[in-house]
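Listed below are the residues making up each chain.
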Number of protein chains: 2
Amino acid sequence: MIIDKLHEIVDKKGPVCVGLDTAIEYLPESFLKKYNYIDHALYRFNERIIDATFDIAGCYKVQIAYYEALGTLGLEVYKNTLKYIREKGGIVIGDIKRGDIAATASMYAKAHFTGDFECDFVTLNPYMGLDSIEPYLKYVESGEKGIFALVRTSNKGAKDIQYIDSNGEKVYEIVGDKINQLGKKYVGSCGYSAIGGVVGCTHRDEAMEIRKRLGSTYFLIPGYGAQGGTAEDVALYMKNGNGGVVNSSRGILLAYKNQEGRENDFELCAREEVLRIREELNKALGGKENEHKLWTAYSA
Amino acid sequence: MIIDKLHEIVDKKGPVCVGLDTAIEYLPESFLKKYNYIDHALYRFNERIIDATFDIAGCYKVQIAYYEALGTLGLEVYKNTLKYIREKGGIVIGDIKRGDIAATASMYAKAHFTGDFECDFVTLNPYMGLDSIEPYLKYVESGEKGIFALVRTSNKGAKDIQYIDSNGEKVYEIVGDKINQLGKKYVGSCGYSAIGGVVGCTHRDEAMEIRKRLGSTYFLIPGYGAQGGTAEDVALYMKNGNGGVVNSSRGILLAYKNQEGRENDFELCAREEVLRIREELNKALGGKENEHKLWTAYSA
């Protein structure tokens with residue numbers, strides 16, 4: 001099952017999910033200048049980031065909006081980026097957050113689990129209900145695909161709907177329970193389900209509560225660094241170090257901006273940032289600093 | 001403002017929104033055979049439907065999932081379909097149901113309000129909160145663009161989240177109030193806001209309650225015919241005949257299947273179905289049957 005493959009890679013390489021939310025403005029000027037076509041530059045930038053982080057990234061998350069914004073040309077870059085990661089043997093999450101009724105959801109499932117935009121996991125928005133997730137399940141049943149459904153996000157507006165209280169339970173808790181329940185049929189040998197949940201990193205009390213409640217749900221934890229939440233908060237989601245993947249996008253892609261004169265080494269700066277996050281999480285999980293090179297060793 | 005333009009067209013042509021959720025399997029075999037490339041056939045099919053319904057359609061809704069399912073080639077058809085409608089002077093809703101946090105939402109707004117995929121209105125999913133809608137507002141403020149946010153859908157799974165009860169109020173009611181409130185800043189001279197709501201057609205008690213509650217919210221009412229709800233139920237959303245648009249997709253695109261030997265006239269069958277729906281709504285609104293050709297006359 002795909003969740004076992006992800007779990008195994010995270011065991012080896014650590015839980016950092018490299019977010020390829022690549023905006024053109026993120027590309028170093030000197031790099032951009034070398035290309036006549038923006039889409040070529042964008043793809044090549046991604047390729048270099050992937051190559052430089054492949055041995056230390058648990059997986060990749062590609063945010064489709066950044067490519068959609070460039071129209072059909074951008075979506076060619078999206079397609080080729082997914083393809084590159086998968087052909088290398090990596091795992092890629094299509095961050096699409098689609099959500100629609102059955103007939104339409106079938107089309108989205110076809111779009112993102114087969115053909116041009118095929119990826120290993122997709123993120124989904126459950127607002128329309130669990131039947132909006134159903135059309136994806138035949139792909140999950142095949143063992144080859146997985147899902148991360150939005151449960152609780154860490155943006156300010158999350159309170160508008162996700163925090164509505166119903167008899168002492170919050171909407172996101174009710175949603176989380178449903179996702180965890182739905183996922184029970186798809187639990188792999190690693191103990192986690194191919195139906196995971198997206199949970200933002202915020203307060204530690206909440207993180208502990210969510211982790212306890214959604215025992216077999218693997219987490220995609222976005223916005224590390226950018227959206228608040230410390231390594232200690234995130235560690236609570238991770239159980240023994242492998243209960244989810246922690247995504248950083250801008251922090252990794254723009255790491256070169258924090259170091260004067262390293263524009264041409266942008267991919268090495270990205271690599272260093274991944275290592276830094278991995279080390280930070282390792283420490284929060286109680287591991288020893290700089291003692292080991294691989295996550296396997298960290299959590300041993 | 002775009003909402004005034006839509007309102008005016010609906011006054012003239014009626015409230016039927018033609019849904020171009022065009023799956024390849026919907027194309028008559030004899031038609032499909034004429035083309036060497038599926039994308040050419042798909043686009044030409046849409047073009048003929050648009051031409052045959054243009055004088056009697058309030059607007060068009062194009063469901064992007066059906067095009068995404070065909071990868072980048074499909075998205076070329078999506079792009080060209082939007083372009084064709086807009087160049088003819090029609091209004092098109094991109095049914096994308098996107099929903100994401102600020103930086104990403106900005107990218108989606110750019111993707112669907114400018115460039116290749118530019119349309120007049122988009123549908124949005126508010127689960128992540130109102131700040132996920134904010135990046136679209138600068139386009140709304142320009143007067144040229146509008147939004148339909150999901151409020152209450154009519155699929156079975158809608159109960160999973162939208163019907164969660166919070167102190168006697170349902171989640172969809174709370175969401176509806178927030179959308180209506182947010183929209184107050186963008187009310188046009190027609191009395192409705194450029195921030196509309198998607199509400200499925202189901203029970204009449206609910207429809208009345210929603211219409212009363214969301215006074216300045218224009219509705220996109222999807223799934224007419226397919227997802228239940230009678231003309232009488234829909235009429236309650238419409239106030240005096242112009243408080244929303246009523247979408248039908250398969251019912252219109254596949255109308256030719258109900259009539260033996262009319263495969264080659266698929267666009268005329270579509271036209272007849274639009275007229276039939278318009279007449280059905282007209283009657284439900286208390287108008288006289290077959291008395292007038294245009295909606296203007298109907299509601300006079």
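None of the values given here were measured: they were computed from a predicted structure.

Analysis parameters
Residues numbered from 1 in each chain as written. Chains lettered and ligands numbered in written order. Predicted model: local features only at pLDDT ≥ 70, side-chain atom pairs only at ≥ 80, totals over all residues. Heavy atoms only, no water. Contact = heavy atoms within 4.5 Å. Buried area = accessible area lost by both parts, 1.4 Å probe. Salt bridge = Lys/Arg side-chain N within 4 Å of Asp/Glu carboxyl O. Polar contact = N/O pair within 3.5 Å; in protein donor to acceptor, adjacent residues only side chain to side chain. Helix = DSSP H or I, 4+ residues; strand = E, 2+ residues; numbered from the N terminus. Core = buried A, V, L, I, M, F, W, Y, C linked by side-chain atoms within 4.5 Å. Buried < 20%, exposed > 50% of the residue type's maximum accessible area, 1.4 Å probe, protein only. 1 Å grid on protein atoms, 1.4 Å probe; cavity = no way out; pocket = protein on both sides within 12 Å on 5 of 7 lines; lining within 4 Å. Points joined across faces, edges and corners; volume = space filled by probe spheres on them. UniProt positions renumbered as here; feature names shortened; annotations may be inferred. Pairing = 2+ DSSP bridges. Axes fitted to C-alpha atoms, helices over the stretch in contact; angles between N-to-C directions. pLDDT = per-residue confidence, 0-100. Least-squares fit on C-alpha atoms with pLDDT ≥ 70 in both. Expected span 1.5 Å × (residues − 1). Phe/Tyr/Trp six-rings, centres within 6.5 Å; stacked < 30°, edge-to-face > 60°.

Participant: Help me out: how do you make sense of the interface of chain A and chain B in this one?
Facilitator: A common way to state how big an interface is: give the accessible area lost once the parts meet. Between chain A and chain B, the residue contacts involve 57 residues of the former and 57 residues of the latter. Roughly 4700 Å² is buried in total at the junction of chain A and chain B, and carbon and sulfur atoms are behind 58% of that figure. Taken together, chain A and chain B are joined by 4 salt bridges. Asp100(B) is the salt-bridge partner of Lys97(A), the closest N and O atoms lying 2.9 Å from each other. Scanning the region where chain A abuts chain B turns up 33 residue pairs in polar contact (both at pLDDT 80 or more). Elements with a contribution of two residues or more to the side of chain A that touches chain B: helix H4 (65–68), helix H5 (71–87), strand S3 (92–98), helix H6 (102–113), strand S5 (146–152), helix H8 (158–161), strand S6 (165–166) and helix H9 (171–183) of chain A. The biggest single contributor to the side of chain A that touches chain B is H6(A), with 7 residues.

Participant: Help me understand the nonpolar core, please; the structure alone is not making it clear to me.
Facilitator: Formed by 207 residues in total, the largest nonpolar core has its most connected members in Leu6(A), Leu20(A), Ile147(A), Leu6(B) and Leu20(B). Leu20(B) has contacts with Asn46(B), Ile49(B), Ile50(B), Tyr60(B), Lys61(B), Val62(B), Gln63(B), Tyr67(B), Thr81(B), Ile85(B) and Leu253(B), leaving out every residue within four places of it along the chain.

Participant: How do you make sense of empty space enclosed by the protein when you look at a structure like this?
Facilitator: It is a probe the size of a water molecule, rolled over the atoms, that shows where empty space is left. All names here are of chain B. For the coordinates displayed, the defined rule picks out 7 cavities of 30 Å³ or more. Quantified by volume, the second largest cavity comes out at close to 50 Å³. Lining the second largest cavity are Val151, Tyr172, Glu173, Gly176, Glu209, Ile210, Arg213 and Leu214. If you list the elements that add at least two residues to the lining of the second largest cavity, you get helix H9 (171–183) and helix H10 (204–213).

Participant: So what exactly am I meant to see when it comes to the UniProt feature "active site" (unreviewed entry) in chain A here?
Facilitator: Under the UniProt annotation, the feature "active site" (unreviewed entry) is placed at Lys97(A). With respect to the element layout, Lys97(A) can be found in strand S3. According to the relative accessible area criterion, Lys97(A) is buried, its value standing at 7%. Aside from chain neighbours lying at most four places away, what touches Lys97(A) is Gln63(A), Thr123(A), Leu124(A), Asn125(A), Leu150(A), Gly99(B), Asp100(B) and Met128(B).

Participant: Hey, could you run me through the side chain of Glu267(B) in this one?
Facilitator: Residues and elements named next belong to chain B. Tracing the chain through its elements places Glu267 in helix H13 (residues 266–284). Looking at Glu267, the relative accessible area reads 14%, which means it is buried. The residues contacting Glu267, other than those within four sequence positions of it, are Arg48, Ile49 and Ala52.

Participant: What exactly am I supposed to notice about the sheet that holds strand S9 (residues 219–221) of chain B here?
Facilitator: Pairing between sheet strands relies on hydrogen bonds along the backbone, with the strands arranged either parallel or antiparallel. All names here are of chain B. If you walk around this closed barrel you meet the 8 strands as S1-S2-S3-S4-S5-S8-S9-S10, and the pairing is parallel. Adjacent strand axes in the sheet meet at a mean angle of 30°, parallel and antiparallel pairs treated alike. Strands in contact with H9 are strand S5 (146–152) and strand S8 (195–199); relative to S5, the strand with the most contacts, it is inclined by about 160°.

Participant: Would you mind going over the confidence of the model for chain A with me for this structure?
Facilitator: Low-pLDDT portions of the prediction should not be read for the details of their coordinates. In the predicted model, chain A carries a mean pLDDT of 92, and the fraction of residues at 70 or more is 95%. Low pLDDT, under 50, characterises residues 290–294 of chain A; the stretch is placed with 7 contacts to residues that sit more than four places away or in other chains.

Participant: What am I meant to see in the pairing of strand S2 (residues 59–63) of chain A here?
Facilitator: Residues and elements named next belong to chain A. Where burial is concerned, most of S2 is hidden: 5 out of the 5 residues are buried. Pairing analysis gives 3 bridges linking strand S1 (residues 16–19) to S2, with the strands arranged parallel. Each bridged residue has a counterpart across the sheet, and for Val18 the counterpart in S2 is Tyr60. Note that S2 and S3 share 4 bridges and pair parallel. Bridge assignment links Tyr60 to a residue of S3, and that residue is Val92.

Participant: Just checking my understanding: could you explain the relation of the copies chain A and chain B for this structure?
Facilitator: The relation between the two copies of this chain is a rotation about an axis and a shift parallel to it. Superposing chain A onto chain B requires a rotation of 180° together with a translation of 0.0 Å along the rotation axis, leaving an RMSD of 0.0 Å. Within this description, the copies of the chain are treated as partners about a two-fold rotation axis. Minimal C-alpha distance to the rotation axis in chain A is attained by Ser166(A), lying at 2.2 Å. With an isologous cut-off of 70% or more, the 100% of interface residues of chain A that recur at the interface of chain B puts this contact in the isologous class.

Participant: Just checking my understanding: could you explain helix H3 (residues 38–53) of chain B for this structure?
Facilitator: Since there are 3.6 residues in each turn of an α-helix, residues three or four apart along the chain are aligned in direction. For H3(B), built from 16 residues, the straight-helix expectation of 22 Å at 1.5 Å per residue is met to within 8% by its first-to-last C-alpha distance of 23 Å. Asp39(B), Ala41(B), Leu42(B), Phe45(B), Asn46(B), Glu47(B), Arg48(B), Ile49(B), Ile50(B), Ala52(B) and Thr53(B) are the residues of H3(B) that are buried.

Participant: Is there a simple way to think about the packing of aromatic side chains in this case?
Facilitator: Aromatic rings in a pair are described by how distant their centres are and how their planes are angled relative to each other. Residues and elements named next belong to chain B. Tallying each qualifying case throughout the model produces 31 aromatic pairs over all chains. On the basis of an interplanar angle of 55° and a centroid distance of 5.1 Å, the ring pair of Tyr163 and Tyr172 is categorised as tilted. With a centroid separation of 5.2 Å and an interplanar angle of 70°, the aromatic rings of Tyr192 and Tyr218 are classed as edge-to-face. Highlighted residues: Tyr192 in the loop between H9 and S8 and Tyr218 in the loop between H10 and S9, separated in sequence by 26 residues. In this structure, Tyr192 and Tyr218 share a single accessibility class: buried.

Participant: I would appreciate a short explanation of the pattern of salt bridges in the present structure.
Facilitator: Pairing between side chains of opposite charge can happen when the charged atoms of each approach one another. One pass over the full model with this rule turns up 50 salt bridges over all chains. For Glu280(A), the salt bridge identified is with Arg276(A), shortest N-O distance 2.6 Å. One end of the pair, Glu280(A), and the other, Arg276(A), are both in helix H13 (residues 266–284), 4 residues apart, so they sit about a helical turn from each other. Across the pair Glu118(B) and Lys145(B) runs a salt bridge, and its minimum N-O distance is 2.7 Å. In this pair, Glu118(B) sits in the loop between helix H6 (102–113) and strand S4 (121–124) while Lys145(B) sits in the loop between helix H7 (137–141) and S5, placing the two residues 27 residues apart along the sequence.

Participant: Is there a simple way to explain the environment of Gly71(A) in this structure?
Facilitator: Residue placement: Gly71(A) occurs in helix H5. Judged by relative accessible area, Gly71(A) falls into the buried class, the value being 3%. Not counting the four nearest positions on each side in its chain, Gly71(A) is found in contact with Asp116(B) and Phe117(B).

Participant: Where do I start with unusual backbone geometry in this structure?
Facilitator: Most of the time, phi is negative for any residue but glycine, and the peptide bond is trans. Of note, Asn167(A) is a non-glycine position whose phi angle comes to about 50°, a positive value. You can see Asn167(A) is positioned in the loop between S6 and strand S7 (169–170). Backbone geometry at Lys97(B) places phi at a positive 45°, although glycine is not the residue there.

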